[in-house]
Each structure stands twice: as structure tokens, then as C-alpha cells.
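# Observations on the model geometry
Okay, here's what each chain looks like letter by letter:
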Amino acid sequence: MPRIAIQTEIKANRNIVFDLSRSIDLHKISTEHTNEKAIVGKTSGLIGMDESVTWRAKHFGIYQNLTSKIIEYERPKYFADEMVKGAFAEFKHEHHFAESNGGTLMTDYFNYKSPFGILGKLADKLFLKKYMTELLTERNRIVKQFAESEKWKEIITE
């Protein structure tokens with residue numbers, strides 16, 4: 001099962017980074033290039049334990065729906081979401097937040113299994129792992145951008 005690990009240093013309070021990371025609205029901003037929309041479940045605001053969201057997005061020229069659910073949650077240190085329904089055979093995305101150098105070290109672990117057996121494994125090697133890494137890196141860039149400026153106040157209103 002492929003595993004993507006990404007660490008991002010953010011000069012902001014851990015509570016702010018944690019909340020931005022679970023914001024449906026910020027996720028929409030970070031995935032504008034895939035036209036991602038929350039269509040079912042929690043469709044705006046901050047997602048929490050046992051809540052789910054169904055996203056509709058265009059990847060590889062095909063519109064897809066993907067439903068994920070928050071399955072683990074310990075504010076402001078950690079949460080994890082898991083695919084309930086979608087294109088992957090399975091995935092689990094862990095979000096870790098540690099205080100670091102007066103800011104936050106955000107660490108993502110994205111574990112996934114592609115569908116289609118050997119063809120899925122080939123897709124992982126050829127393009128899928130790189131594609132998913134780029135999506136997660138862009139998401140983290142947006143979290144960092146909002147957290148390190150006053151823009152986070154536009155997203156976290158609760």
C-alpha cells in the first residue's frame with residue numbers, strides 16, 4: 001500500500017492550523033483547479049468526529065464522487081479521515097499537528113490502495129502517487145498561506 005508523507009512548517013498557532021486543515025471551505029479553495037465541490041454531508045464549515053463529506057471533482061478528465069469520514073479526532077493534535085466510497089480501493093489520511101519552534105509542524109500521512117490490482121499498482125508507479133503528492137502539497141501550501149496571514153479569519157468563524 002503506497003504511503004505519502006509530507007511535513008509542513010507553519011508559523012502559526014496549532015489550533016488555527018488544525019481548524020484550517022479540517023475546513024471544508026479551505027479545502028474548496030485548495031482544489032479549485034479540480035473544480036471540487038462538497039455535495040453531500042458536511043458541505044461547509046469545520047468537519048468533526050463521525051462527520052462525512054462527499055466531494056465531486058474532476059480528476060484525469062473524469063468527474064468522480066468520493067465520500068470520506070472523520071474516524072479519529074483529538075483536537076488540536078490529530079485527526080484522520082477514511083474513504084467510505086470512491087475511486088480508491090481504500091485510503092486513510094492522517095493529519096498530525098505538533099508545536100514546533102513557536103509554530104506548528106503539520107505532518108500528513110496518506111495511505112491508499114488503488115483499484116484494479118496490478119493495473120492500479122502500475123498507475124501508482126507511473127503517475128498516481130506523484131499526482132496525489134502534488135494535491136496534498138498544494139492543500140498544505142494553502143493552509144500555510146492562510147494560517148500565516150490574517151486570511152484564516154475569513155475561514156474560521158466558529
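Residues numbered from 1 in each chain as written. Predicted model: local features only at pLDDT ≥ 70, side-chain atom pairs only at ≥ 80, totals over all residues. Heavy atoms only, no water.

### Things to note about the confidence of the model for the protein chain
Averaged over every residue, the pLDDT of the protein chain is 93; the share at 70 or more is 99%. Per-residue pLDDT, averaged within each element of the protein chain, yields its smallest value for helix 3 (residues 117–147) (88) and its largest for helix 1 (residues 14–21) (98). (pLDDT = per-residue confidence, 0-100. Helix = DSSP H or I, 4+ residues; strand = E, 2+ residues; numbered from the N terminus.)

### Points about the layout of surface pockets
By volume, the largest pocket amounts to about 970 Å³. If you go around the largest pocket, you meet 47 residues; those closest to its centre are Leu66, Phe88, Phe91, Phe110 and Met132. Those elements that place two or more of their residues in the lining of the largest pocket are helix 1, helix 2 (24–30), strand 3 (52–59), strand 4 (62–74), strand 5 (78–85), strand 6 (90–100) and helix 3. The greatest single-element share of the lining of the largest pocket, amounting to 12 residues, is contributed by helix 3. (1 Å grid on protein atoms, 1.4 Å probe; cavity = no way out; pocket = protein on both sides within 12 Å on 5 of 7 lines; lining within 4 Å. Points joined across faces, edges and corners; volume = space filled by probe spheres on them.)

### Remarks on the pairing of strand 6
In the sheet, strand 5 pairs with strand 6 via five bridges, with the strands oriented antiparallel. Following the sheet pairing, Ala80 is matched in strand 6 by Glu94. Between strand 5 and strand 6, which pair antiparallel in sequence order, lie four residues. Where strand 6 and strand 7 (residues 103–113) come together, 11 bridges link them in antiparallel fashion. The residue of strand 7 that forms the bridge with Glu94 is Tyr109. Hairpin connection from strand 6 to strand 7: two residues lie between these consecutive antiparallel strands, with Asn101 at a positive phi of about 50 degrees. (Pairing = 2+ DSSP bridges.)

### A short note on the pattern of salt bridges
It is possible for side chains of opposite charge to pair when their charged atoms get near one another. In total, this model carries 11 salt bridges according to the counting rule given. Asp108 is paired through a salt bridge with Arg139; the nearest N and O atoms lie 3.7 Å apart. Of the two residues, Asp108 sits in strand 7 while Arg139 sits in helix 3, which places them 31 residues apart along the sequence. Of the two residues examined, Asp108 and Arg139, each falls in the buried class. The structure contains a network of salt bridges with shared partners spanning Asp19, Arg22 and Arg75. (Salt bridge = Lys/Arg side-chain N within 4 Å of Asp/Glu carboxyl O. Buried < 20%, exposed > 50% of the residue type's maximum accessible area, 1.4 Å probe, protein only.)

### Some details on unusual backbone geometry
A cis amide bond links Arg75 with the next residue in sequence, Pro76, at an omega value of 0 degrees. Of note, the phi angle at Asn35 is positive, near 55 degrees, even though the residue is not glycine. Among the structural elements, Asn35 can be located in the loop between helix 2 and strand 2 (37–41). Even without being a glycine, Asp50 presents a positive backbone phi close to 65 degrees. Mapped onto the secondary structure, Asp50 falls in the loop between strand 2 and strand 3. Owing to a relative accessible area of 52%, Asp50 belongs among the exposed residues under this scheme.

### With respect to a positive patch on the surface
Together, Lys113, Lys121, Lys125 and Lys129 make up a region of like positive charge exposed at the surface. By residue number, the principal contributor to the positive patch is helix 3, which donates three residues. Take Lys129: it is sitting in helix 3. Among the residues examined, Lys129 registers a relative accessible area of 36% and is labelled partly exposed. (Patch = residues over 30% accessible without salt bridge, like charges linked within 9 Å, V, L, I, M, F, W, Y side chains within 5 Å. Areas by Shrake-Rupley, 256 points an atom, 1.4 Å probe, with all protein chains shown as cover. Lys, Arg positive; Asp, Glu negative; His and termini not counted. Charge placed at Lys NZ, Arg CZ, Asp CG, Glu CD.)

### Details of the nonpolar core
Counting 22 residues, the largest nonpolar core has Ile10, Val17, Leu20, Leu26, Val143 and Ala147 as its most contacted members. Where this core is concerned, the elements lending two or more residues are helix 1, helix 2, strand 3 and helix 3. If we skip the residues at most four places from it in the chain, Leu26 touches Leu20, Ile142, Val143, Phe146 and Ile155. Membership of the second largest hydrophobic core comes to 13 residues, among which are Ile4, Leu66, Phe110 and Leu136. (Core = buried A, V, L, I, M, F, W, Y, C linked by side-chain atoms within 4.5 Å. Contact = heavy atoms within 4.5 Å.)

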